[in-house]
Amino acid sequence: MSNYALSLELPWVEKYRPHKLDDIVGNEETIERLKLIVQDGNVPHMIISGLPGIGKTTSIHCLAYELLGPELYQQATLELNASDERGIDVVRNKVKQFAQTKISLPPGRHKIIILDEADSMTPGAQQALRRTMEIYSNTTRFAFACNQSLKIIEPLQSRCAILRYNKLADDQVLARLLEITEAEKVQYNSEGLQALVFTAEGDMRQAINNLQSTVSGFGFVNDVNVFKIVDQPHPLVIKKILLSCTNAKNIDEAIDLLDTLWNKGYSAIDIVTLTFKVAKTLPGINESKRLDMIKEIGFVHMRVLEGVSTYLQLCGLFAKICDLA
């Protein structure tokens, strides 16, 4: 299939987005709670919080789809992305107008307003929602999806059931990737899938997007192609650097390997972040030394984030790791 033909298709993250709660991966206990809400039919106002790409907004859409059915779902749900439309005018106009709209629903069913990225809403807009939620509670339910529930004002939190989503496990992400590769007849090897899972860090959306980008860019999913797409240093190079420091205490070899990454244009933040990930599972090192190593990486990470993202910082980091070994 040509790249042009691929570009005409839906993004895979949309093409394989679940439409039923049974199809959602991970967070089984919370999903079971949502299934009970569907059976009961009485939806509370709710806040779903958790990391990006783990199914918060999708869960609310699946809940609405199962409660209202395919026909009423389109009419009786309103989704607003609060990171774009987050001012008080949106609450006064769009939200209120939809809440006032009369739609004939089965007994016990409600219209659902989905506010994505709700933690980006201004405090004024959140305050304006308090009264709207109370006035229209007989006909309308609000569902907030956010990364941090603490950024939702307390008066709204007290009106909602709060559901927390955890990061997806690597095997859960891998299982869904295998389903998609089979459906799309993708050519891959096991290292390629491991690289997708490693770079996604529990973010299903990221994993699927990276899979599609690798297929459209290279046609074959292996670790080298994946790391080119996500523009991260290869973990094996970082692993060699750390092993040079810990096992051989060879700082010259470590710096030579660092030079290859630096000359390819990788930034200090890329290298430090990946060094932390690799250090967590580095073989042949006792836990006490591992903790000391992670502590040093943490200090350098902090300095880099503060703006001191120089080559010298990285050289100093690997020299200190050599001393610790």
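These figures come from a predicted structure and were not determined experimentally. (Residues numbered from 1 in each chain as written. Predicted model: local features only at pLDDT ≥ 70, side-chain atom pairs only at ≥ 80, totals over all residues. Heavy atoms only, no water.)

Trainee: Where do I start with the overall build of the protein chain in this structure?
Mentor: In terms of helices and strands, the protein chain carries 16 helices and 7 strands. Across its three principal directions, the C-alpha atoms of the protein chain cover 75 × 45 × 35 Å. Considering the protein chain as a whole, with its 325 residues, one finds that 47% of them fall into the buried category. Within the protein chain, residue pairs in contact and separated by at least 24 positions form 74% of the contacts whose partners lie at least 6 positions apart. Counting every atom, the protein chain has about 16,700 Å² of accessible surface; 50% of that belongs to carbon and sulfur. (Helix = DSSP H or I, 4+ residues; strand = E, 2+ residues; numbered from the N terminus. Buried < 20%, exposed > 50% of the residue type's maximum accessible area, 1.4 Å probe, protein only. Contact = heavy atoms within 4.5 Å. Areas by Shrake-Rupley, 256 points an atom, 1.4 Å probe, with all protein chains shown as cover.)

Trainee: Would you take a moment to explain the nonpolar core for this structure?
Mentor: Nonpolar side chains in soluble globular proteins generally cluster together in the buried interior. Counting 47 residues, the largest nonpolar core has Leu34, Met46, Leu63, Leu177 and Leu211 as the members making the most contacts within it. The element that contributes the greatest number of residues to this core is helix 4 (residues 56-76), accounting for 9 residues. When sequence neighbours within four positions are dropped, the list of residues in contact with Leu177 reads Leu193, Leu196, Val197, Ala207, Ile208 and Leu211. Core analysis: the second largest hydrophobic core is formed by 28 residues, Ile255, Leu258, Val304 and Phe318 among them. (Core = buried A, V, L, I, M, F, W, Y, C linked by side-chain atoms within 4.5 Å.)

Trainee: What's the story with helix 10 (residues 204-218) in this structure? I'm lost.
Mentor: Each α-helix turn comprises 3.6 residues. Residues three or four places apart therefore point the same way. Its 15 residues place the ends of helix 10 21 Å apart at the C-alpha level, agreeing with the 21 Å of an ideal helix rising 1.5 Å per residue. Of the positions making up helix 10, those classed as buried are Met204, Ala207, Ile208, Asn210, Leu211, Gln212, Thr214 and Val215. The backbone nitrogen of Arg205 has a side-chain oxygen 3.1 Å away, supplied by the residue at the start of helix 10, namely Asp203. Downstream of helix 10 by a residue or two, Gly219 has a phi angle that is positive, lying close to 85°. (Expected span 1.5 Å × (residues − 1). Polar contact = N/O pair within 3.5 Å; in protein donor to acceptor, adjacent residues only side chain to side chain.)

Trainee: Before we go on, may I ask you to explain the domain arrangement of the protein chain in this structure?
Mentor: Think of interface size as the accessible area that goes away when the parts come together; that is how it is often given. When its domains are assigned, the protein chain resolves into domain 1 (12-164), domain 2 (171-230) and domain 3 (235-324). Of note, the centres of domain 2 and domain 3, computed from C-alpha atoms alone, are 26 Å apart. (Domains from an automatic or database assignment.)

Trainee: Would you mind going over the side chain of His45 with me for this structure?
Mentor: Among the structural elements, His45 can be located in the loop between helix 3 (28-40) and strand 1 (46-49). Of note is the side chain of His45, whose polar atom sits 3.0 Å from the backbone nitrogen of Phe142. In contact with His45, other than residues within four places in its own chain, are Met133, Ser137, Thr140, Arg141, Phe142, Arg159, Cys160 and Ala161.

Trainee: Which parts of the structure should I look at to understand the sheet that holds strand 1?
Mentor: Strand pairing in a sheet relies on backbone hydrogen bonds, with the paired strands running either antiparallel or parallel. The strand order 2-3-4-1-5 describes an open sheet built from 5 strands, whose pairing is parallel. Looking at strand neighbours, the two that pair on one side only are strand 2 (77-81) and strand 5 (161-164), the edges of this open sheet. With strand direction ignored, the average angle separating the axes of adjacent strands in the sheet is 15°. Sheet topology places strand 1 next to strand 5; 4 bridges connect them, and they run parallel. Residue pairing in the sheet places Ile47 in a bridge with Ile162 of strand 5. Across the face of the sheet, helix 4 comes into contact with strand 1, strand 2, strand 3 (111-116) and strand 4 (140-146) while running at roughly 140° to strand 2. (Pairing = 2+ DSSP bridges. Axes fitted to C-alpha atoms, helices over the stretch in contact; angles between N-to-C directions.)

Trainee: I tried to follow the environment of Ile162 on my own but got confused; where do I start?
Mentor: You can see Ile162 is positioned in strand 5. Aside from chain neighbours lying at most four places away, what touches Ile162 is Arg33, Ile47 and Gln157.

Trainee: Before we go on, may I ask you to explain the side chain of His110 in this structure?
Mentor: Note that His110 resides in the loop between helix 5 (88-100) and strand 3. In this structure His110 comes out as buried when scored by relative accessible area, which is 11%. In this structure the side chain of His110 is engaged in a polar contact, spanning 3.3 Å, whose partner is the side chain of Arg141. Apart from residues lying up to four places away in sequence, His110 is in contact with Asn42, Leu68, Leu105, Ser137, Asn138, Thr139, Thr140 and Arg141.

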